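# Close look at the chain arrangement
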Amino acid sequence: DTHLEVHGRLARDLQSLFDSFWRQRRRRSAVRYTDDGHMLISSHARRGRLFLRDLFADKFAGAQKRIYLTTPYFVPDYRTRQSLMRAARRGTDVRLLVPRKNNQHLAKWAAHAAYANLFLAGVRIYEYLPRMLHSKTVTVDGDWSSIGTANLDYRSFFLNYELNLASGSVALARALERRFEADLEASEEIRPRRWARRSWLMRPLEIVGWAARHWL
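Residues numbered from 1 in each chain as written. Predicted model: local features only at pLDDT ≥ 70, side-chain atom pairs only at ≥ 80, totals over all residues. Heavy atoms only, no water.

## Overview of the overall build of the chain
In terms of helices and strands, the chain carries eight helices and eleven strands. Taken over the C-alpha trace, the chain has a radius of gyration of 17 Å; the compact-globule value for 216 residues is 17 Å, and the two agree within 12%. For the C-alpha atoms alone, the extent of the chain along its principal axes is close to 50 × 35 × 30 Å. A total of 216 residues make up the chain; the buried ones form 52% of that total. Partitioning the intrachain contacts of the chain with sequence separation of at least 6 by distance along the chain shows that 73% fall at a separation of at least 24. Surface exposure of the chain reaches about 11,300 Å², of which carbon and sulfur atoms provide 52%. Separation between the mean location of the 38 positive side-chain charges and that of the 22 negative ones in the chain comes to 5 Å. (Helix = DSSP H or I, 4+ residues; strand = E, 2+ residues; numbered from the N terminus. Rg over C-alpha atoms; globule rule 2.2 N^0.38 Å. Buried < 20%, exposed > 50% of the residue type's maximum accessible area, 1.4 Å probe, protein only. Contact = heavy atoms within 4.5 Å. Areas by Shrake-Rupley, 256 points an atom, 1.4 Å probe, with all protein chains shown as cover. Lys, Arg positive; Asp, Glu negative; His and termini not counted. Charge placed at Lys NZ, Arg CZ, Asp CG, Glu CD.)

## Things to note about unusual backbone geometry
Even without glycine at this site, Asp-141 takes up a positive phi of about 60°. Tracing the chain through its elements places Asp-141 in the loop between strand 7 (137-140) and strand 8 (144-148).

## Concerning the pairing of strand 7
By the alternation rule, side chains of strand 7 split into Thr-137 and Thr-139 and Val-138 and Val-140, which are all buried. In this structure, strand 3 (residues 66-70) lies alongside strand 7, joined through four bridges in antiparallel fashion. Looking across to strand 7, one finds that Tyr-68 is bridged to Thr-139. Inspection of the sheet shows strand 7 paired to strand 8 by four bridges, in the antiparallel sense. What sits directly across from Thr-139, in strand 8, is Ser-145. A loop of three residues connects strand 7 with strand 8, the two strands running antiparallel in sequence, and Asp-141 in this loop sits at a positive phi of about 60°. (Pairing = 2+ DSSP bridges.)

## Points about the sheet that holds strand 7
On the basis of which strands lie adjacent, the open sheet formed by nine strands has the order 1-2-10-8-7-3-5-6-11 and mixed pairing. Edge positions in the open sheet fall to strand 1 (31-33) and strand 11 (187-189), since each of these has one partner strand only. Strand-to-strand, the axes of this sheet are offset by a mean angle of 15°, without reference to chain direction. Direction of pairing for strand 6 (residues 124-128) relative to strand 11: antiparallel, over a ladder of three bridges. Paired with Glu-127 across the strands is Glu-188, a residue of strand 11. (Axes fitted to C-alpha atoms, helices over the stretch in contact; angles between N-to-C directions.)

## Observations concerning the nonpolar core
Within the largest apolar cluster, 34 residues are counted, with the highest numbers of intra-cluster contacts made by Phe-56, Phe-60, Ile-67, Leu-69, Phe-74, Tyr-115 and Ile-125. Listed by contribution, the elements that provide at least two residues to this core are strand 2 (38-42), helix 2 (51-62), strand 3, helix 3 (78-89), strand 5 (93-99), helix 4 (105-121) and strand 7. Per element, the largest residue contribution to this core is five residues, and it comes from helix 4. Counting residues in each nonpolar core, the second largest holds eight residues, with Leu-10, Leu-17, Leu-163 and Leu-165 among its members. (Core = buried A, V, L, I, M, F, W, Y, C linked by side-chain atoms within 4.5 Å.)

## Thoughts on the pairing of strand 10 (residues 163-167)
Within a regular strand, the side chains alternate between the two sheet faces. Most of strand 10 is tucked away, with five of its five residues classed as buried. The alternating pattern of strand 10 places Leu-163, Leu-165 and Ser-167 and Asn-164 and Ala-166 on opposite faces, both of which are buried. As defined by bridge partners, strand 2 adjoins strand 10 across five bridges and the pair is classed as antiparallel. The residue bridging Ser-42 from the neighbouring strand is Leu-163, located in strand 10. In this structure, strand 8 lies alongside strand 10, joined through four bridges in antiparallel fashion. Bridged to Ser-146 within strand 10 is Ala-166.

## A word on the packing of helix 2 against helix 3
At their nearest, the axes of helix 2 and helix 3 sit 9 Å apart, and the two run at 15° to each other. Judged by the angle between their axes, helix 2 and helix 3 are roughly parallel. In this structure, helix 2 crosses over helix 3, and the sense of that crossing is left-handed. Packed against helix 2, whose contacting residues are Arg-53, Asp-54, Ala-57, Asp-58 and Phe-60, the element helix 3 presents Arg-79, Thr-80, Ser-83, Leu-84 and Ala-87 at the interface. (Parallel < 35°, antiparallel > 145°, perpendicular 65-115°, else oblique. Left-handed = near helix turned anticlockwise from the far one by under 90°.)

This is how it looks when you write it as structure tokens:
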């Protein structure tokens, strides 16, 4: 997993958000801004359900150099998939890191169903080998990042309570990029040609997973 330690106003805001969720008090705004370029994004708000999904899509749409994604459950909605594919087609280095060892088989099958189109667009996908991977991080162009509880899946974007820190801190983005690159050293890239030759026995399972993607 990947964690942050925060101090000062960020810590107080996190405490306040936790308290509101614990007491089931919804807030009007999904976002709390700080003066130093950070924002706390909570889906436990009246306007919070789509904010994180839309923020990611906008950042992917504006990416020029690279997008690094780490998530244990990758079941992207249509807008997220299209944003990543468009970025890869225009030459952005888009890389996705997921675990090979996954405790949710249905979610893994659903993710596999999305791979073919991502490969065609030029997205590179890696599987982390040593153990279950539970980090949820996003970096864009080395100057923007997000870290928190949200996966790139339907439940995180539309159903679950999630809390993420998004930041324009270059130092944080670069630190997360270094962590991502270190994790790639313990990973294996899925090659599109090899993926195309995978067992036909997996294809029906991928169809089942994709059909159930809204509930994963």
